[in-house]
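Observations on the three-dimensional arrangement
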Amino acid sequence: MVPTESDAPRFEDASREEIEDGRILAAVAYLPALCFVGFAAAPTNRYVQFHARQGVILLGVEMAAWVGLWILDVSVGLIPFVGLLVTATARLAFGFLFLAVTIYGVAKGASGTFARIPFLGDGIEKVPF
């Protein structure tokens, strides 16, 4: 019998021990360079996997945003003064946005809370790890 999606264990069903054991790895999962550590260090811990998957999605969105900003920089950025103003404002806005989301994720991971990042957390079941 093939298990269906409803038969699969949910991340939120993690035991109290999994949450306590994985709080540090869950917090680290939101840091861009370390988002894959949770997959290797705790492959069976559902709490760490939940936060590691959100960290990978956040990293993908950050990379796409920075590519988009680079395209904006080499196109609109060539316009004297206005281009510099637009690109600098966009970089500052995206930088603060990603910093805020990262701090939110680290705080929720360290506190032992299952909190889905708005707009991004709905896709964690699709991350193939």
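Residues numbered from 1 in each chain as written. Predicted model: local features only at pLDDT ≥ 70, side-chain atom pairs only at ≥ 80, totals over all residues. Heavy atoms only, no water.

Once that is clear, we can look at the packing of helix H1 (residues 16–28) against helix H3 (residues 46–75). One can describe the packing of H1 onto H3 by two numbers: an axis separation of 7 Å at closest approach and a directional angle of 30°. The angle between the axes of H1 and H3 places the two elements in the roughly parallel class. The two elements H1 and H3 meet at a crossing, and its hand is right-handed. On the side of H1, the interface is formed by Glu-18, Ile-19, Gly-22, Arg-23, Leu-25 and Ala-26, while H3 contributes Arg-46, Tyr-47, Val-48 and His-51. Tallied by class, residues from the contact of H1 with H3 come to 5 nonpolar, 2 polar and 3 charged. (Axes fitted to C-alpha atoms, helices over the stretch in contact; angles between N-to-C directions. Helix = DSSP H or I, 4+ residues; strand = E, 2+ residues; numbered from the N terminus. Parallel < 35°, antiparallel > 145°, perpendicular 65-115°, else oblique. Left-handed = near helix turned anticlockwise from the far one by under 90°. Contact = heavy atoms within 4.5 Å. Nonpolar A, V, L, I, M, F, W, Y, C, P; charged D, E, K, R; others polar.)

A few words now on the side chain of Gln-54. Following the sequence through the fold, Gln-54 ends up in helix H3. Non-local contacts of Gln-54, meaning those with residues more than four positions away in its chain, are made with Tyr-30, Ala-115, Arg-116, Ile-117, Gly-121 and Ile-124.

The next thing to look at is a nonpolar patch on the surface. A cluster of nonpolar side chains, Ile-79, Phe-81, Val-82, Leu-85 and Val-86, forms an exposed patch at the surface whose accessible area comes to about 480 Å². Among the structural elements, Val-82 can be located in helix H4 (residues 82–111). The exposure class of Val-82 is partly exposed, given its relative accessible area of 46%. (Patch = residues over 30% accessible without salt bridge, like charges linked within 9 Å, V, L, I, M, F, W, Y side chains within 5 Å. Areas by Shrake-Rupley, 256 points an atom, 1.4 Å probe, with all protein chains shown as cover. Salt bridge = Lys/Arg side-chain N within 4 Å of Asp/Glu carboxyl O. Buried < 20%, exposed > 50% of the residue type's maximum accessible area, 1.4 Å probe, protein only.)

Our next topic: the packing of aromatic side chains. Scanning the entire structure with this criterion turns up 5 aromatic pairs. Plain terms: the ring middles of Tyr-47 and Phe-114 are 5.1 Å apart, the flat faces sit at 90° to each other, and that makes the pair edge-to-face. Separated by 67 residues along the polypeptide, Tyr-47 in helix H3 and Phe-114 in the segment after H4 bring together distant segments of the chain. Take Tyr-47: its relative accessible area is 0%, and that puts it in the buried class. (Phe/Tyr/Trp six-rings, centres within 6.5 Å; stacked < 30°, edge-to-face > 60°.)

All right, on to the pattern of salt bridges then. Applying the stated criterion across every chain, the model contains 4 salt bridges. Notably, a salt bridge pairs Glu-20 with Arg-16, separated by 3.3 Å at the nearest N-O pair. Of this pair, Glu-20 and Arg-16 both sit in helix H1, 4 residues apart, which is roughly one turn of that helix. Arg-46 is the salt-bridge partner of Glu-18, the closest N and O atoms lying 3.1 Å from each other.

Right, let's talk about H4 for a bit. Across its 30 residues, H4 extends 43 Å between first and last C-alpha, which sits within 8% of the 44 Å expected from 1.5 Å per residue. Among the residues of H4, those classed as buried are Gly-83, Thr-87, Ala-90, Phe-98, Val-101, Thr-102, Gly-105 and Gly-109. Each element contacted by the buried residues of H4 is listed here: H1 and H3. Positioned one or two residues after H4, Gly-112 has a phi angle of 85°, which is positive. (Expected span 1.5 Å × (residues − 1).)

Contact geometry of H3 with H4 gives a least axis separation of 11 Å together with a crossing angle of 175°. Between H3 and H4, the angle falls in the class roughly antiparallel. For the pair formed by H3 and H4, the contact residues are Tyr-47, His-51, Leu-58, Val-61, Glu-62, Ala-65, Trp-66, Leu-69, Trp-70, Leu-72 and Asp-73 on the first element and Val-86, Thr-87, Ala-90, Arg-91, Phe-94, Gly-95, Phe-98, Val-101, Thr-102, Lys-108 and Gly-109 on the second. Residue composition of the contact of H3 with H4, grouped by class: 13 nonpolar, 5 polar and 4 charged.

Coordinates in, geometry out; function isn't part of it.
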